[in-house]
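In case you want the letters, here they are:
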Amino acid sequence: MTSTLPKKDPSSDERPGAGAAALHSGTSNLRRLLAGNVRQSGIVIAFVAIVALFAVLTGGVSLSPGNITNIVLQYSYILVLAIGMVIVIVGGHIDLSVGSVVALTGAVAAVLVIGGGLPWWVGVVAAVGVGVLVGVWHGFWVAYVGIPAFIVTLAGMLLFRGLTLQVLGNISLSPFPAGYQQIAGGFLNGLIGGQGYDAFTVLIGALGVAGYAVLAYRSRVAKVLDLQQVESFPLFACRIALVGLVVMAFAWQLASSRGLPVVLVVLSVLVLAYGLLTRRTVFGRHVYALGSNAAAARLSGVKVKAVTFWIFVNMGFLAGVAGVIYSARSNGAQPAAGNMFELDAIAAAFIGGAAVTGGVGTVVGALVGGLIMAVMSNGMQLMGVDQSVQSVVKGLVLLFAVAFDVWNKRRARGDA
């Protein structure tokens, strides 16, 4: 006859000092997670610090409902470009042409809609189509001819800027019809009421927090089942609560202004789609493998040329989307549109944690990096800082971000 003893709950510990040990374990858990994810944790902390700094320096104006709405409207196209740029950089390449492509796609839309009198949606489709064709052009030369992306896209920067001048005939075209302008300047408000605020915007924010919590919990469960290290549940709950608090505060500020910007809906869809693409699909894994070690990826069966080709096609597509948003925001097309946009997108990706040598970077990180640039630019403008000083500050921030990446790699190797 065998007796079955009751199993001890592994979460309980009746030894003396177990409480202190558990507290020490939780602290160590937090320390290990922060050290192991120093890029992601560091950029989030830096973003919070910069937001707080400019809130103090501007007397709270930077966090006012109207200003937060303006940040979303003014910098959305840079965030769209940053999504594509981080994928390019993770794959071990660079794209210097996106500013010129933004100008060209906006010019095509303007010629068709303003000059030709076609419906506004035809301009949108044409602009995005031109962006895709540009991506095909770049992808062909980089992937199948073997010319370095730096050279191909540098040539593209000159080529597509020249085409922009020819398409517009060296003149500006404006204005776009109201439907086209709504892409970058429209709002979803008043759909379900609200007194002094837009209830629909608050509802969307709450649904976003709920969706994030569910996805985060499912991801945690999957890691536990795979015997991967995860943070303690109280720490996990704290993280969800903090993210929820920030999102709801952001949604409340938007709701207290003009409601939910249409362009924010577009940006949110892109962030979700590309977050899933990079983390949950074969293509996403192949992009990271390509950037980490192209030779090893090829030996592992990755179709390096095809992956490289589609990386640039995707960048062209997002540049077309950004061109539509920018031209809708500026209500016209200008020959000098998109000037230096490529540097803003590259800076956002690197500040957001992308590695210079490829293989490392996330869509969310690039988004946070772009938001840091946006908050800095907006805050300095509110303070009346000279444009030359703004350029100096942005340059130093980019330099320190790359220096941090180099230091972090040396630390990981034990060289520092």
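The structure displayed is predicted, hence computed values, not measured ones.

Q: How should I be thinking about the side chain of N67 in this particular structure?
A: Looking at where N67 falls in the secondary structure, it is placed in helix α3 (residues 65-90). Overall, the relative accessible area of 7% leaves N67 in the buried class. Reaching out from N67, the side chain makes a polar contact with the side chain of N378 at a distance of 2.8 Å. Non-local contacts of N67, meaning those with residues more than four positions away in its chain, are made with V61, S62, N378 and L382.

Q: Whenever I open this one, the nonpolar core confuses me. Can you help?
A: Across soluble globular proteins, you tend to see nonpolar side chains buried next to one another. Ranked by internal contacts, the top residues of the largest apolar core, which has 82 residues, are V80, L81, I83, V86, I311 and I325. Here the element with the most residues in this core is α3; it accounts for 16 residues. Discounting residues that sit within four places of it in the chain, I325 has contacts with S76, Y77, V80, I183, A184 and V263.

Q: Would you mind going over helix α7 (residues 178-185) with me for this structure?
A: Count 3.6 residues to each turn of an α-helix, and residues three or four apart come out pointing the same way. By the burial criterion, the buried members of α7 are Y180, I183 and A184. Taken around the axis of α7, the buried residues stretch over an arc of 80°, which confines them to a single face. For α7, the secondary structure elements touched by its buried residues are α3, α4 (98-115), α5 (120-145), α10 (262-280) and α13 (304-330).

Q: Explanation requested: the packing of α5 against α13 in the structure shown.
A: Think of two packed helices as two axes; the pair is described by the angle between the axes and how far apart they sit. Relative orientation of the contacting elements α5 and α13 amounts to 150°, with a least axis distance of 7 Å. Taken together, the axes of α5 and α13 are roughly antiparallel relative to one another. Here the hand of the crossing between α5 and α13 comes out right-handed. Considering only residue class, the contact of α5 with α13 consists of 16 nonpolar, seven polar and one charged.

Q: What's the story with unusual backbone geometry in this structure? I'm lost.
A: Most peptide bonds are trans, and most residues other than glycine sit at a negative phi. Here the bond from S174 into P175 is cis, since omega is -5°, no more than 30 degrees from zero. Note that P175 resides in the loop between α6 (149-168) and α7. Phi at N170 is positive, roughly 60°, even though this residue is not glycine. Of note, N170 is situated in the loop between α6 and α7. N170 gets classed as exposed once you look at its relative accessible area, which sits at 56%. A positive phi is found at M340, a non-glycine position, where the angle reads about 70°. Inspection of the secondary structure puts M340 in the loop between α13 and α14 (341-351).

So, how was this worked out
- Residues numbered from 1 in each chain as written.
- Predicted model: local features only at pLDDT ≥ 70, side-chain atom pairs only at ≥ 80, totals over all residues.
- Heavy atoms only, no water.
- Helix = DSSP H or I, 4+ residues; strand = E, 2+ residues; numbered from the N terminus.
- Buried < 20%, exposed > 50% of the residue type's maximum accessible area, 1.4 Å probe, protein only.
- Polar contact = N/O pair within 3.5 Å; in protein donor to acceptor, adjacent residues only side chain to side chain.
- Contact = heavy atoms within 4.5 Å.
- Core = buried A, V, L, I, M, F, W, Y, C linked by side-chain atoms within 4.5 Å.
- Arc of directions from axis to C-beta.
- Axes fitted to C-alpha atoms, helices over the stretch in contact; angles between N-to-C directions.
- Parallel < 35°, antiparallel > 145°, perpendicular 65-115°, else oblique.
- Left-handed = near helix turned anticlockwise from the far one by under 90°.
- Nonpolar A, V, L, I, M, F, W, Y, C, P; charged D, E, K, R; others polar.

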